[in-house]
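Architecture and fold: a report
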Amino acid sequence: MENPSELWLKRDHKNDLAFRPLEKALESGVIDAMYIQSGPLGQLSEATGKFTAIEDLSRYPDWRLQVANIPAAITCTDVMAEKHPELAVTFMKGMIKVGRWANAHKRAAAEILDKQTFYRDVEATYEGIKPIDLVPTSRL
């Protein structure tokens, strides 16, 4: 492994229970219910045939109910922002370019993103990203 980020690419996101640690506790009766921070993780839990969702907080118009769910924020360190703002600008330009491509090619983007998401499969990834504008925006 030449690049430490490659380790993330080698993980089996869809089957690694480290990403869904409460499933064993729920299955064994240690807990009666669990909160899953995103719909795709819920899909994986339900796909086991052992669990079912009882509520979906994303159905409510008040985004604050979703707690740890998306939208996600893009961040950088204060050192990068203060000492190398050109890197932050270059990174964001790249993210915007990728987002525009992904918006124009949702199926191809789903094929790529599925390798790193918790959606059940490529089709679920596509359905998950289809209504989303993948270009980063600034909404404060």
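Rules used throughout
Residues numbered from 1 in each chain as written. Predicted model: local features only at pLDDT ≥ 70, side-chain atom pairs only at ≥ 80, totals over all residues. Heavy atoms only, no water. Helix = DSSP H or I, 4+ residues; strand = E, 2+ residues; numbered from the N terminus. Buried < 20%, exposed > 50% of the residue type's maximum accessible area, 1.4 Å probe, protein only. Areas by Shrake-Rupley, 256 points an atom, 1.4 Å probe, with all protein chains shown as cover. pLDDT = per-residue confidence, 0-100. Contact = heavy atoms within 4.5 Å. Phe/Tyr/Trp six-rings, centres within 6.5 Å; stacked < 30°, edge-to-face > 60°. Lys NZ or Arg CZ within 6 Å of the ring centre and 35° of its normal. Polar contact = N/O pair within 3.5 Å; in protein donor to acceptor, adjacent residues only side chain to side chain. Core = buried A, V, L, I, M, F, W, Y, C linked by side-chain atoms within 4.5 Å. Expected span 1.5 Å × (residues − 1). Arc of directions from axis to C-beta.

Across its full length, the protein chain holds seven helices and zero strands. Looking at the 140 residues of the protein chain, the share that counts as buried comes to 21%. About 10,600 Å² of surface is accessible on the protein chain, with carbon and sulfur atoms providing 59% of the total.

Before going further, it helps to spend a moment on the confidence of the model for the protein chain. Mean pLDDT for the protein chain: 83, with 89% of residues reaching 70 or above. Within the protein chain, helix H1 (residues 6–10) has the poorest average pLDDT of any element, 75, and helix H6 (residues 106–113) the best, 95.

Mapping Phe118 onto the fold places it in the loop between H6 and helix H7 (122–129). Exposure remark for Phe118: the relative accessible area of 19% places this residue in the buried category. Separated by 77 residues in sequence, Phe118 and Leu41 place their C-alpha atoms 5.4 Å apart. Ignoring sequence-local partners within four residues, the contact set of Phe118 consists of His13, Phe19, Pro40, Leu41 and Leu44.

Our focus in this paragraph is the packing of aromatic side chains. One pass over the full model with this rule turns up zero aromatic pairs. One cation-aromatic arrangement involves Arg107 over Tyr126; the distance from NZ or CZ to the ring centre is 3.7 Å.

Moving on: H7. Among the residues of H7, Ala124, Thr125, Tyr126, Gly128 and Ile129 are the ones counted as buried. Taken together, the buried residues of H7 touch helix H3 (39–47) and H6. One side-chain oxygen of the residue at the start of H7 lies 3.2 Å from the amide nitrogen of Glu123, identifying that residue as Asp121.

Here we come to the nonpolar core. Judged by nonpolar contacts, Ala102, Ala109, Ala110, Tyr126 and Ile129 together constitute the single largest core of five residues. Among the secondary structure elements, those contributing two or more residues to this core are H6 and H7. If sequence neighbours within four positions are ignored, Ile129 has contacts with Lys106, Ala109, Ala110, Leu113, Tyr119 and Leu134.

On to helix H5 (residues 85–104), then. With 20 residues, H5 extends 29 Å from end C-alpha to end C-alpha; this agrees with the ideal 28 Å at 1.5 Å per step. Taken together, the buried positions of H5 are Ala88, Gly99 and Ala102. Buried residues of H5, viewed axially, fall in a sector of 65 degrees; they line one side. Residues Thr90, Lys93, Lys97, Arg100 and Ala104 are exposed on H5 and point more than 90 degrees away from its buried face. Here the buried face of H5 lies against helix H4 (78–83) and H6.

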